[in-house]
Structures are given as C-alpha cells and as structure tokens.
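Coordinate analysis (summary)
Now for the letters of each chain:
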Amino acid sequence: MASLLLSLGSCSTTKHVGENEYLLNKVIVKTNDKSISSGELKRNVKQNPNMKILGFWKFHLGLFNLAGKDKSKGFNKWLRRIGEEPVIYEDFQTKRSSGQLKIYLQQKGYFNAEVRDSTVFKKKKARVYYFVDAKEPYRYRSIYRGVNDLPYNFLSPFQEKSEMPDSTEIRKYIVADKENSNVKMGEKVDSDVLTNERVRISKSLKNQGYFNFSREYIHFLMDSTSKNNQMDVFVGVKTPVDSSALKKFRINQISIFTEYDTKLILLNDQKYLNALDTMQYNGFNFIYKDKIKIKPDVILSSILIRKEELYNLKSVEQTYSRLQSLNQFKFVNIKFEVDPNSLQDPIAGLNCIIQLSPYNRQSYSVEFEGTNSWGNIGFAGNLNYQHKNLFGGAEILDLQFSTAKETFYSSDQTDFSSSEYGVESKLSITKFLLPLLNAEKFRKSYNPKTVFSLSYNYQERPDYTRTILDASFGYEWKSSKYISHTFNLMELYFVDVKNLSDDFISSISSLYIQNSFTDHVIPASSYSFLYNNQNINKSGNYDYFKFNFETAGNSLNELNKLLGRDKEVSYDDDGNVDETYYDFLGIRYAQYVKADFEFRHNYYINKANRIVYRLFAGAGLPYGNFKVLPFEKSYVSGGASGIRAWQIGSLGPGSFVTDEDVDYPYNYADLKLEVNLEYRFKLFWVLEGALFVDAGNIWALSKSDDREGGIFKLNRFYKEIALGTGFGTRIDLSFIIFRIDLGLKLRDPSADVEKSWVIAHRPFKFSQLNFNIGIGYPF
C-alpha cells in the first residue's frame, strides 16, 4: 500500500496528456455579488477538473496514470477502470459554460449580468477563470392576479387572448390566495420561485376538487419597460382547451383491489380473474381472491379518500403514505377514472380504484457479523423471523434469536471468552391502544402504531454473569415526512447480576460503580424525537437530530407513599443503617431523570468527498430510591463510535486516572459531552478513507461518586476535555460497511495539566494508539 501511494505521488498528472493538449487543472468562478452562491455558479460550469481528495491530491487521476499504454493488459485495464481519465481542456466547453452561467444569472433576476472567461496555460496545464459582473438584479414591483386589477393595457404586448376572466371560480381562488404566495414584492425575480408557485397553485386547486387542472395552465407575464430594474408580474391562467380542467370532481365510488397482480392482469389470466370476488363493506367495494387477508377496517383506517367528497390531492398523497406505512404491500397504486356521463353536471364524478399487491406474510433471515465490544474481537449471529399479518389486522411480529462470543486478552496474556444469548420479540399493531384525549383526531392525523416488546438476554463473562429481562409498551408515529416520534409509556427493565469475581470487584474499587452492579429494576417512561431529512436515493447535504427524555421510578415512588408502604433497610459492614429504599417484586428499583440529544450534519462536497460532524450532549440525574444511575443507562466514552483514541470505557470521568493494571476498565458516568469531525473520501473500488478528530469526556454528577477528579465542575470541565485524532479505512460492500480506525491521543485529561498534551510532553508509545473495528459508519 505504501509503495502504491508513493507511486501515485511521484507520477506526473500530465502523463497521458497528448501533444497540443492541456490538462484542465483548476476552475475559478469570481463574482462581485456575494449574495450569489458560488457553489450554484460552479454547478453550471460544464467542464470541471479531475476530482481531488484531501483538498489537493488528484488521487483518481494518479491511479489512471499508473496504467501503461497497453490497454489490453489486465492490471492496466483495472487501473484505468478504477481511476479517472485526465480532463482535457476544451475551449468549446469554456464558452458553453460562460453561456450557461449567463442563463443561470438571468433565471435569478440578473438580466444585465455579464460573464467573461479567461484561460491561463502553463506546463501542459490550463487554469480557467470565469468573472461574473452581476450588476443590479431585477425585483418584483407589483404583482397582479386579477385581469381587472391591471392598471394599464398590460396584456396587449403579449397578445394574450385566452386569459381566464375574473368571473371564473379558479381566478377568484387565485386572487383570494395571494397571502400564501411564494412571490413577494421587493424580492429578486427568480424563475425557480415562479416554478414553485405554479406547482403550489396547481396543488391548491387540486385540493379544492379540480382533478384535471394542470400547472401548465399557470404562466407569468412580466413587464419591465421603463421601471428601473423592476418588474410588474401578472399571474396568468390560460383558458384550458379541455373544459373538464375547469370543473370540480366528486368521488362517486371507491374500489379496493386487495391482491392486485400486475403480471396476471396484463396477461389476462382467466384462472386468476375467475377466482376474484367482490364484497361491499361500509360503502367501499373490495375485490379479493379467496378471502380478504387483512381486515377491511384496517385498510379503511389508512384511506382518507371519501365517497361524495370533492377530490383532494392531499388526501390521495396521505392515503399512499399510510398504506405504505402498514408495511403490508409491495405495490400501492391509486388511479381515478372520470365518469363520462357526469361531465355535463355542475360537479363531475370520479371513480377511485386502489390497487394493492401484498408481501409474503412470513419471512426468515440469518445474519452474521464481527463485533468489537470494549475492545475485544468476536462474532455474533442472528436468526430473524417476521410475520407481517399475525392476527389479520396488519399486526407485525418480529422475533430475533441472537448469540455472540468474544475473546478477552489481558495484560498477562491470559485469554478468556464471553458468551451472550438472547431472544427479542416485537409486536406492532396499527391501532392506537389506550387512547388519550382526542385520540380519534390524533389517529387520523398521525396514524400511530402501538408497539409491545419483550426481550431476554443472558451474558456470561469471566468477571460476572448478568441476566436482563426487558418489557415495554408504547407508541410510534410520524408527524411529517422527516419527523418521527416514539413514546414508551411503560418499560420494565429487570437486571440480575451474579458471580462477580474477586478480581472484577477489586477493579471497580469505586463504591459508586459497585452499587450499579447489583440487582435492580428500571421502571421507566421515555420519549424520543427524531428529525432526519436524508434522501437515501440522492446524494446531498442532510441533517440528523435526535432528542431523548426518560424518567424512572417516580410513579412507583408516589404509589408506595400513597399506600403507606415501609421502606426496606440495608446495613453496612459495621451493622449500621446504610440506606432505606422501596422495592418492586422484592427488587430495588432505580429512580432518575435523563435527557440527551445528538446532532449530525453531512456536508456533501462531491461524489468523492464528504465532511460529517456530530455533537452529543446528555445527562442523567439519579435520586431518591437509587443513588446511582444504573450501568445500562449511564454514559461511556471512547471506542469505535466515540472518541476513538481511547478504548471504550477507559476515558474519564473527568480527570480520573484509571489503574493501569485494570484490563477491562468500566468507567462510565452521568454526563457526557462529545464532538466529532470526520472527513470521508473515496479511494478506489470499494475502499474509502477517513480522517477524524474527536473531543469530549464524561463526568459524574452525584456527589457520592468517590472517583477523584470525576465530578463535573463548571470552573474546570473545559480543562478535562480529551482530544484524539486518527485515520481510518472503510470497505463499502453496499449491503454492509466494514470499518477500521486507528486513533491517536492528542490531549489526555487524566495527566497533569502541564503534561496533558501527549505529543509535546511524552515520548511516543504504541499505547497512545487505539485500534477500532466497527460495522457501518461511526455516525
């Protein structure tokens, strides 16, 4: 690999540039108007240089140049395929780009803009400059929506004879709808805004019943004569050739084809067609084969189209979304047929046909993956089963049987192994059980699901054995395309810890940590908000934001007080009363409040380069019945998805110094702050590279935590921020991403302040490096 990189660095970038040809080395676009996006301008340039990584290295061109002239040889052929051919400067493309830039500027209101290009040639390379003199943009002076509102003979120059008169309902609606318009007086003329306005008006009219109305009937007439860089705009509406575009439509009947098979329909398969039957249910026609597999009420609850109501595009779109969210159909199509006999009526009729092609009801899958938990290598396997229609009401049952095994390597070269076995079940129901106030309105607006889950996990390690039983009940719903919510009304989390080894107990000498490795119950309620505008089918910028809030033990505590229950008593080694607490089913329960958020931004540069940054902050405060935050709910730092220069669990809290003799550190705490920045770049084939910087730490909030330097304090926490950097490699196989990261400590908060910067104050040791293996991107 090192020799390959050396070859790439030494290879001339103009190796395959012919005589009298120039490599397009750089394109620079300059403008005198800072309000114009330079990125948008560059996107209109028709010829761009070869891709770069790290901001300067034409890596892919270097791969291409490594190939010899004999294209038939296998290795040369492979290098040319994974590399990038040199971009040869073309004067034609430069002139074409200048013209395209001028068109773009005119679309943005800069009708007097001038674009000049200049090319500098030097040593077989060309550098192209585009100079944009934007001049004063045109702005909207007046916006007219009614023909009779025009102050002068506005339409004459356009010779428009087919403008829809003010007396029509459509024109009246457009005039009345001006407050919702995207076109505002004083703003710059923008063709994209006008296009969006056409779409908005068309959708608004379709929501009013105008089924056949098209955005093509909307146009904008603009006059800038003697107006000093200003324009008067008239929202024009052409009188359609098809008179049905002026009519409103009402839904006559709705037919639901529950087992639609496109192939058999096209083949006119008589056996299939003869097996179909029809049933009337609540005014809807159901067409089915043998019997209806999904209860009609479930399907109807996802359909917002109603008989005798006006056609409404929004209801159609929501019906599409809700039927797809049932996760029952691989194909959903809604089509409308005009009733020709109703076109003479004041309101015409539409017949709606909903075509549904169901998934197979049951499926199985097997998964294998490598793991790297707490810095130890292992493997895991899952057997998954799914039933998509358990009781005939679109109930989805997921079952997962899992197993994992990991190998531990200690400082004395003794190795141990741990085993983990588990089963997890999840039942998702389309009904909103245990409804709250205005539940029917909430159900119609957000289509929530009720979710039950039950899981059992058994972990056997050389230092302890732990059993976890988790049962929860809650709701999931989406309030918009990008926003989803999860509300777990009740969760019971039982933890049973046994067989703690003497070495393990001595390694967690902190009494605070020992308290969390006891049997306990977590009776919690939680809420999660998620915003994610990523489009997996299109490359581009996107944001991810998640907020979690959780509280535990409060309801049980109040219930115990109300019932007048006596508290249990625990004693210390001297026989004195140590603590008093309530229990649940004979087990002490946790009490805390916890909240955290995570924000990520993915900045797309080009198909070979991306920058991703992440911010995480969270805190949990234990109180009342349990004086520590349970281990399962605490925060930990380091590892493959955190601050990668530290092994997971070895960083913090604060400036606490971990005993070097501890093989498996268990440092976790109540508060976490973390910032990550990662630059990702495409190398070749399935190989990607990354450079990263991570910063942050964890801290304790409880004063009972006896780890020195572990308590969060405002006057010193910024001195306890750990800093790490490193590089990584990813293997992207499309269906899975393998990741290897090597982290290097830059600032260690556990060291003395004057020696916390590792590079400047310590000789290099391999212990300053941390090797991480992961599945998928870290964030």
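First things first, this report covers the structure right here in the doc. (Residues numbered from 1 in each chain as written. Predicted model: local features only at pLDDT ≥ 70, side-chain atom pairs only at ≥ 80, totals over all residues. Heavy atoms only, no water.)

For the rest of this paragraph, the subject is the overall build of the chain. The helix and strand inventory of the chain stands at 16 helices and 33 strands. Seen through its principal axes, the chain has C-alpha atoms that stretch 100 × 80 × 60 Å. By residue count, 44% of the 779 residues in the chain fall in the buried class. Contacts spanning at least 24 positions in sequence make up 64% of the contacts within the chain whose residues lie at least 6 apart. (Helix = DSSP H or I, 4+ residues; strand = E, 2+ residues; numbered from the N terminus. Buried < 20%, exposed > 50% of the residue type's maximum accessible area, 1.4 Å probe, protein only. Contact = heavy atoms within 4.5 Å.)

Let's shift gears to the nonpolar core. Judged by nonpolar contacts, the single largest core of 30 residues is most densely connected at I256, I305, Y311, L323, F336 and I354. The set of elements that each furnish at least two residues to this core consists of β7 (248–257), β9 (284–289), α10 (296–301), α11 (313–325), β10 (329–338) and β11 (347–358). In terms of residue count, β11 provides more of this core than any other element does, 5 residues in total. If sequence neighbours within four positions are ignored, Y311 has contacts with K206, N207, Q208, G209, F211, F249, R250, I251, V316, F336 and L350. Ranked by size, the runner-up nonpolar core spans 21 residues in total, among them I170, L194, Y210 and V233. (Core = buried A, V, L, I, M, F, W, Y, C linked by side-chain atoms within 4.5 Å.)

Think of a sheet as strands paired side by side through backbone hydrogen bonds, with each pair either parallel or antiparallel. Strands sit in the order β1-β3-β2 across an open sheet of 3 strands; the sheet is mixed. Every interior strand has two partners, whereas the edge strands, β1 (23–31) and β2 (114–122), have only one. Within this sheet the neighbouring strands show an average axis-to-axis angle of 15°, counted without direction. Pairing of β2 with strand β3 (residues 125–133) involves 9 bridges; the strand directions are antiparallel. Across the sheet, D117 pairs through a bridge with Y130, a residue of β3. (Pairing = 2+ DSSP bridges. Axes fitted to C-alpha atoms, helices over the stretch in contact; angles between N-to-C directions.)

Further remarks concern the packing of aromatic side chains. For the structure shown, the criterion picks out 32 aromatic pairs. Ring geometry for Y89 and F121: centres 5.4 Å apart, planes at 80°, overall edge-to-face. Within this pair, whereas Y89 is found in the loop between α4 (74–82) and α5 (91–107), its partner F121 is found in strand β2, the two being separated by 32 residues in sequence. Judged by its relative accessible area of 14%, Y89 is buried. Note on F121: relative accessible area 41%, which makes it partly exposed. Directly above the ring of Y359 sits K388, whose terminal nitrogen or CZ lies 4.9 Å from the centroid. (Phe/Tyr/Trp six-rings, centres within 6.5 Å; stacked < 30°, edge-to-face > 60°. Lys NZ or Arg CZ within 6 Å of the ring centre and 35° of its normal.)

Before going further, it helps to examine the side chain of S204. As for its placement among the helices and strands, S204 is situated in helix α7 (residues 191–206). Leaving out residues up to four positions away in the same chain, S204 has contacts with Y173 and D177.

Closest axis-to-axis distance for the helix α3 (residues 59–66)/α4 pair is 7 Å, and the angle between their directions is 160°. Comparing their axes, α4 and α3 come out roughly antiparallel. The handedness of the crossing between α3 and α4 comes out as left-handed. On the side of α3, the interface is formed by H60, L63, F64 and L66, while α4 contributes L79, R80 and I82. Partitioned by chemical class, the residues of the contact of α3 with α4 number 5 nonpolar, 1 polar and 1 charged. (Parallel < 35°, antiparallel > 145°, perpendicular 65-115°, else oblique. Left-handed = near helix turned anticlockwise from the far one by under 90°. Nonpolar A, V, L, I, M, F, W, Y, C, P; charged D, E, K, R; others polar.)

What helix α15 (residues 554–563) keeps buried is the set L556, N557 and N560. Taken down its axis, α15 places every buried residue within 100° of arc, on the same side. Along α15, exposed side chains directed more than 90 degrees from the buried face belong to S555 and L562. (Arc of directions from axis to C-beta.)

Let us now look at the layout of surface pockets. Of the voids in this model, the second largest pocket is the one considered here, and its volume is about 1200 Å³. Around the second largest pocket, the lining is made up of 27 residues, and of these K42, R43, N48, I605 and N606 lie nearest the centre. At the level of secondary structure, the elements contributing two or more residues to the lining of the second largest pocket comprise β1, α2 (38–43) and β25 (592–606). Of the residues contributing to the lining of the second largest pocket, the split by class is 10 nonpolar, 10 polar and 7 charged. (1 Å grid on protein atoms, 1.4 Å probe; cavity = no way out; pocket = protein on both sides within 12 Å on 5 of 7 lines; lining within 4 Å. Points joined across faces, edges and corners; volume = space filled by probe spheres on them.)

Okay, the side chain of S357 next. With respect to the secondary-structure elements, S357 resides in strand β11. Residue S357 is classed as buried on the basis of its relative accessible area, which comes to 6%. Beyond its immediate stretch of four places on either side in the chain, S357 contacts Y260, D261, Q328, F329, K330 and F331.

Sheet architecture is open: 5 strands sit in the order β8-β9-β7-β11-β10, paired in mixed fashion. The open sheet is flanked by β8 (276–281) and β10, the only strands paired with a single partner. Here the average twist between neighbouring strands, direction ignored, is 25°. Bridge count for β7 against β11 is 9 bridges, and the pairing is parallel. Bridging from a neighbouring strand, S255 pairs with I353 of β11. Docked against the sheet, α11 engages β10 and β11, running at close to 155° with respect to β10.

α3 sits mainly inside the fold: 7 of its 8 residues count as buried. Among the residues making up α3, those that are buried are F59, H60, L61, G62, L63, F64 and N65.

Among the structural elements, Y456 can be located in strand β16 (residues 449–460). Judged by relative accessible area, Y456 falls into the partly exposed class, the value being 38%. C-alpha separation for the pair Y456 and I468, spaced 12 residues apart in sequence, amounts to 5.8 Å.

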